[in-house]
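The primary structure of each chain is shown beneath.
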Amino acid sequence: MSTIIELAGVRKTYRSGSVEFEALRGIDTSVRAGEYVAVIGPSGSGKSTLMNLLGCLDVPTEGCYVLAGDDTSSLDEAALAAIRNRRIGFVFQQFHLLASMTALRNVELPLVYAGVSRAERRDRAAAALAKVGLADRLDHRPGELSGGQQQRVAVARALVTEPALLLADEPTGNLDSRSTHDVLGLFDELHAAGRTIVLITHEPDVAARAERNLVIDDGLITEDRLTTGVGPR
Ligand code: ADP
Ligand code: MG
């Protein structure tokens, strides 16, 4: 299987004034196409820093990140933005849907930025919403949907560009247990359909649903283990 993510000697140092803090202290790992990986670690361990690097929202201070064959360290901001739009689908804890727009319009947005025609946008967004079980909610605004449904809209928006990687940062962090169940079930389906998923969480129950766990502590990967992939339901 092909490699989607390759990290070699990745370090991230934050500087504020004369103070330096090394949030990632040498990360070496890779993720293959079709893997479902959870990155788990306590607060302050470097999870969001790693997510920002994987999502090309930030660049390493040292080391190398190759995403779907592209070495990101040599790219400028415009090229990184293009990679973010084409190769990565993001799902955040806070959903980040636009409240004034219908589910359909929210899901169409990445295609607007990608320059896709109006008719094709509509078809692809409707198909993505159907895939997440929301074919009957196209014209609802976020305020008219449950938390779990809103997160499913966000997943549809993340997938509508057919990205190489689905990157989710605490996607169930704002959901009640029923909606959590719902969204994790959707991730299971996406995994079964061959999607590559990296999910960031501090919750062991959520991490247990992925097939592989990368444990991060104090800026280092301390464990890389396969799970049974079932976890509590
Ligand atoms: P997590 O997501 O696991 O809680 P983060 O990646 O957000 O951890 O943070 C890792 C460490 O880096 C923390 O100690 C945090 O205080 C520090 N940190 C994060 N962002 C910055 C920043 N912009 N400037 C300075 N320190 C930062
Ligand atoms: Mg964080």
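Residues numbered from 1 in each chain as written. Chains lettered and ligands numbered in written order. Predicted model: local features only at pLDDT ≥ 70, side-chain atom pairs only at ≥ 80, totals over all residues. Heavy atoms only, no water.

J.: Please explain unusual backbone geometry as it appears in this structure.
T.: Across the chain, the bulk of peptide bonds are trans and the bulk of non-glycine residues have phi less than zero. One non-glycine residue, Cys56, adopts positive backbone phi at about 60 degrees. With respect to the helices and strands, Cys56 occurs in the loop between α1 (47–54) and β4 (62–67). (Helix = DSSP H or I, 4+ residues; strand = E, 2+ residues; numbered from the N terminus.)

J.: So what exactly am I meant to see when it comes to the pairing of β4 here?
T.: Strand residues, when the strand is regular, have side chains that alternate between the two faces of the sheet. Both strand β1 (residues 3–16) and β4 contribute to a ladder of five bridges, which runs antiparallel. Considered in β4, the bridge of Ile5 is made with Leu67. As paired elements, β4 and strand β5 (residues 70–71) share two bridges and run antiparallel to each other. By the bridge assignment, Leu67 is partnered in β5 with Asp70. Between β4 and β5, which pair antiparallel one after the other, the connecting turn spans two residues, and Ala68 there sits at a positive phi close to 45 degrees. (Pairing = 2+ DSSP bridges.)

J.: Which parts of the structure should I look at to understand the sheet that holds strand β10 (residues 220–226)?
T.: Consider a sheet: its strands pair through backbone hydrogen bonds, and that pairing is either parallel or antiparallel. Ordered in space as β6-β7-β8-β3-β9-β10, the six strands form an open sheet in which the pairing is mixed. If you trace the sheet from one side to the other, it starts and ends with β6 (88–92) and β10, each paired once. Within the sheet, the average angular offset between the axes of one strand and its neighbour, ignoring direction, is 15 degrees. By the bridge criterion, five bridges tie β6 to strand β7 (residues 165–169) in an arrangement that is parallel. Bridge assignment links Ile88 to a residue of β7, and that residue is Leu165. The sheet strands contacting helix α5 (residues 147–159) are β6 and β7, and the helix crosses β6 at an angle near 165 degrees. (Axes fitted to C-alpha atoms, helices over the stretch in contact; angles between N-to-C directions. Contact = heavy atoms within 4.5 Å.)

J.: How should the pattern of salt bridges be read in this particular structure?
T.: Within the structure shown, the criterion is met by 17 salt bridges. Here Asp70 makes a salt bridge to Arg87, at a shortest N to O gap of 3.2 Å. Linking Asp70 in strand β5 with Arg87 in helix α2 (residues 77–87), this pair joins segments that are 17 residues apart in sequence. The partner of Glu162 in a salt bridge is Arg195, and the shortest N-O contact between them spans 3.2 Å. On the criterion of sequence distance, the pair formed by Glu162 in the loop between α5 and β7 and Arg195 in the loop between α6 (177–192) and β8 (197–201) is long-range, its members being 33 residues apart. Owing to a relative accessible area of 49%, Glu162 belongs among the partly exposed residues under this scheme. Three or more residues joined by partner-sharing salt bridges are found here, namely Arg32, Glu35, Arg212 and Asp224. (Salt bridge = Lys/Arg side-chain N within 4 Å of Asp/Glu carboxyl O. Buried < 20%, exposed > 50% of the residue type's maximum accessible area, 1.4 Å probe, protein only.)

J.: Help me out: how do you make sense of the packing of aromatic side chains in this one?
T.: Any two aromatic rings considered together are summarised by their centre-to-centre distance and by the angle between their planes. The full count for this structure, using the stated rule, is two aromatic pairs. With 6.5 Å between their ring centres and 50 degrees between their planes, Tyr36 and Phe187 make a pair best called tilted. Here Phe187 lies in helix α6 and Tyr36 lies in strand β3 (residues 36–40), a separation of 151 residues in the sequence. Of the two residues, Tyr36 and Phe187, both sit in the buried class. For the pair Phe90 and Phe92, a centre-to-centre distance of 5.7 Å together with 5 degrees between the ring planes defines the contact as stacked. Residue classification places Phe92 among the partly exposed positions, given a relative accessible area of 26%. (Phe/Tyr/Trp six-rings, centres within 6.5 Å; stacked < 30°, edge-to-face > 60°.)

J.: What is the right way to look at the site of ligand 1 in this model?
T.: The environment of ligand 1 is made up of Tyr14, Phe21, Ala23, Pro42, Ser43, Gly44, Ser45, Gly46, Lys47, Ser48 and Thr49. Here Ser45 contributes a backbone N or O atom positioned 3.2 Å from an oxygen atom of ligand 1. The separation between an oxygen atom of ligand 1 and a polar main-chain atom of Ser48 is 2.9 Å. Here the element with the most residues in the shell around ligand 1 is α1; it accounts for three residues. Across the shell around ligand 1, the residue classes break down as four nonpolar, six polar and one charged. (Near = heavy atom within 4 Å. Polar contact = N/O pair within 3.5 Å; in protein donor to acceptor, adjacent residues only side chain to side chain. Nonpolar A, V, L, I, M, F, W, Y, C, P; charged D, E, K, R; others polar.)

J.: I would appreciate a short explanation of the nonpolar core in the present structure.
T.: Counting residues in each nonpolar core, the largest one holds 39 residues, and the members touching the most others are Val107, Leu129, Val153, Val155, Leu166 and Phe187. Contributions of two or more residues to this core are made by β3, α3 (103–113), α4 (118–131), α5, β7, α6, β8 and α7 (204–207). For this core, the leading source of residues is α5, giving six residues. Judged by nonpolar contacts, the second largest core, of 26 residues, contains Ile4, Met51, Leu54 and Cys56. (Core = buried A, V, L, I, M, F, W, Y, C linked by side-chain atoms within 4.5 Å.)

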